[in-house]
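# Chain and residue survey
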Amino acid sequence: VSPQYDQQGRLVNYGFKGDYDAAPGKSLTANKSETIRFTVSNDGPEPLIDIEVSDQLDSGVGAITGLVCTFPGGAAPGTTWAGPFAVGTQFECEGTLPALQIGQTHADTARVTAVGEISGRSVNDADQWHGRVPTQLESTGGQALTGLALLAGIGILGGGLLMLARRRKTAADS
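Residues numbered from 1 in each chain as written. Predicted model: local features only at pLDDT ≥ 70, side-chain atom pairs only at ≥ 80, totals over all residues. Heavy atoms only, no water.

### Let's talk about the state of the cysteines
Selection criterion: Note on disulfides: each one is a pair of cysteine sulfur atoms within 2.5 Å. The way it works is that DSSP assigns letters per residue, a run of H or I at least four long becomes a helix, a run of E at least two long becomes a strand, and they are numbered from the N terminus. When a residue's accessible area, from a 1.4 Å probe over protein chains only, is under 20% of the maximum for its type it is buried; when over 50% it is exposed; and in between it is partly exposed.
Evaluated as defined, the whole model comprises one disulfide. Note on cysteine connectivity: cysteine 69 is disulfide-linked to cysteine 93, with sulfurs 2.1 Å apart. Taking the sign of the torsion about the S-S bond as the criterion, the disulfide between cysteine 69 and cysteine 93, at about 105°, is right-handed. Of the two residues, cysteine 69 sits in strand β4 (residues 65-70) while cysteine 93 sits in strand β6 (residues 90-97), which places them 24 residues apart along the sequence. Cysteine 93 shares its class with cysteine 69; the two are buried.

Here is the structure:
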């Protein structure tokens, strides 16, 4: 599911799938970079100017690199735009989360600031994103359980063979 907006351009489904606002966040693959995409919407009462988009590493490892936004109306891609950013419109941004190692986590906050074209009022918004690479135990939980079951089976079989050997010995002694 992707972001959904009403007729005035306001986001109506906060927390949609892919919006990893809270830890532990998205389960990532070790040693593989991840493209992070987000949508910026003007759901306010007026067009915006002097738009700036940024991303900050809050905790863990892997600062987002190569952040670039595709602004409306054919404006040059980047992280700053003079505008105007019309009410009810959106633009997409994307950056790269470098490859993380097993057990590593990442938390960042994307931010946007702008100025109301009519009011001159400063506005801003921010959204967190979390991800992690599961530990070996987490990623192989099924294999670990299978291994434990196999070990238990061997133990039961070994115990049965031991009982059988004792019974034979007892029968031979009689």
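### Details of the sheet that holds β4
To be explicit about the condition: Pairing between two strands requires that DSSP report at least two bridges joining them. Every angle, taken between N-to-C directions, lies between 0 and 180 degrees, and every axis is a line fitted to C-alpha atoms, over only the stretch in contact when it is a helix.
The strand order across the open sheet formed by three strands is β2-β6-β4, and the pairing between neighbours is antiparallel. Strand pairing shows two members of the sheet lacking a second neighbour, β2 (34-41) and β4, which therefore form its edges. Each neighbouring strand pair of the sheet contributes to a mean axis angle of 15°, computed without reference to strand direction. Here eight bridges tie β2 to β6, and the two strands are oriented antiparallel to one another. Residue glutamate 34 lies in a different strand from β6, and its bridge partner there is leucine 97.

### Focus on the pattern of salt bridges
When the charged atoms of two side chains lie near each other, side chains of opposite charge can form a pair. Quick reminder of the rule: By definition, a salt bridge exists where a carboxyl oxygen of Asp or Glu is found within 4 Å of a side-chain nitrogen of Lys or Arg.
Tallying each qualifying case throughout the model produces two salt bridges. Two residues, glutamate 34 and lysine 26, come together in a salt bridge whose shortest N-O distance is 2.4 Å. Here arginine 37 makes a salt bridge to glutamate 94, at a shortest N to O gap of 3.1 Å. With a gap of 57 residues between them, arginine 37 in strand β2 and glutamate 94 in strand β6 connect regions that are remote in the sequence. By relative accessible area, which is 57% here, arginine 37 ends up exposed.

By themselves, these observations are geometric and do not establish any function.
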